[in-house]
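So the chains spell out like this:
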Amino acid sequence: MSEGRFDVRPLDESTWPAFAALVEANNGIFGGCWCIGFHPEGCAPSAQVNHDRKKQRVLDGTTHAALVFEGEDCVGWAQFGAPDEVPKIKNRPSYEKDLVELPDWRIACCYVGKGHRRQGVATAALAGALRLIAEHGGGRVEGYPEDAADVSAGFLFHGALSTYDQAGFTRERKIGKHRWVVARQVDPA
């Protein structure tokens with residue numbers, strides 16, 4: 001699917017090499033996370049273990065992400081999944097304090113590679129994730145973004161609040177100094 005000048009593809013066996021190239025070019029993402037930190041097993045102290053866990057999830061089809069491509073290069077993504085796939089979120093005690101009902105889907109992690117930030121990659125990734133969620137049956141989607149004015153672009157791993165605002169999410173409640181719970185209903189495709 002096309003999002004402006006970018007192409008968005010799901011993370012799967014065919015796109016794993018491009019995803020892995022972006023992760024490797026960016027120090028394993030936050031020192032070796034490999035975008036496994038929000039999964040039940042969380043990050044191991046070893047980047048290689050995290051790599052292996054993420055690759056196995058891709059092979060098993062138990063991880064979801066909308067990868068943003070510029071040409072054949074992956075330049076960013078938005079990871080998403082059902083709450084049992086990505087149960088670990090920041091500010092969890094505050095989140096659970098006023099929790100009424102779990103969402104159908106969570107946008108767990110947004111990442112844009114160095115040299116591609118502030119160029120619309122995160123916007124394309126979020127739009128792509130919402131389209132993929134629609135293809136998986138839709139439902140209530142939550143995100144946990146922060147205000148970009150308060151957090152450096154390299155650390156907006158939940159995404160920028162303004163990006164979610166522009167994508168039609170509603171601010172529901174604050175769960176941290178700068179972090180919000182935002183939600184949106186996505187119709188099935």
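Up top you'll find the structure we're talking about.
This one's a predicted model, so the numbers in the text were calculated from it and none came from an experiment. (Residues numbered from 1 in each chain as written. Predicted model: local features only at pLDDT ≥ 70, side-chain atom pairs only at ≥ 80, totals over all residues. Heavy atoms only, no water.)

S.K.: Can you explain helix H2 (residues 47-60)? Please cite residues and give values.
M.R.: Residues separated by three or four positions in an α-helix point in the same direction, a consequence of the helix having 3.6 residues per turn. With 14 residues, H2 ought to run about 20 Å at 1.5 Å a step, and its terminal C-alpha atoms sit 20 Å apart, in line with that. Those residues of H2 that are buried are in contact with helix H1 (16-25) and strand E4 (73-81). The N-capping residue of H2, defined by a side-chain oxygen 3.3 Å from the backbone nitrogen of Gln48, is Ser46. (Helix = DSSP H or I, 4+ residues; strand = E, 2+ residues; numbered from the N terminus. Expected span 1.5 Å × (residues − 1). Contact = heavy atoms within 4.5 Å. Polar contact = N/O pair within 3.5 Å; in protein donor to acceptor, adjacent residues only side chain to side chain.)

S.K.: Now, about the layout of surface pockets: what can you tell me, with residues and values included?
M.R.: When its volume is computed, the second largest pocket comes out at roughly 220 Å³. Lining the second largest pocket are 13 residues, and of these Phe30, Cys33, Gly37, Phe38 and Cys43 sit closest to its centre. Here the lining of the second largest pocket is composed, by residue class, of 10 nonpolar, 2 polar and 1 charged. (1 Å grid on protein atoms, 1.4 Å probe; cavity = no way out; pocket = protein on both sides within 12 Å on 5 of 7 lines; lining within 4 Å. Points joined across faces, edges and corners; volume = space filled by probe spheres on them. Nonpolar A, V, L, I, M, F, W, Y, C, P; charged D, E, K, R; others polar.)

S.K.: Requested: an account of the packing of aromatic side chains, with residues and values cited.
M.R.: Summed over the entire model, instances satisfying the criterion amount to 8 aromatic pairs. Note on Trp16 and Trp34: the rings are 5.8 Å apart at their centroids and 25° apart in plane angle, and the pair reads as stacked. Here Trp34 lies in the loop between H1 and H2 and Trp16 lies in helix H1, a separation of 18 residues in the sequence. Cluster of aromatic residues (ring-pair linked, three or more members): Trp16, Phe19, Trp34, Trp77 and Tyr111. The side chain of Arg171 reaches across the aromatic face of Trp180, ending 5.4 Å from its centre. (Phe/Tyr/Trp six-rings, centres within 6.5 Å; stacked < 30°, edge-to-face > 60°. Lys NZ or Arg CZ within 6 Å of the ring centre and 35° of its normal.)

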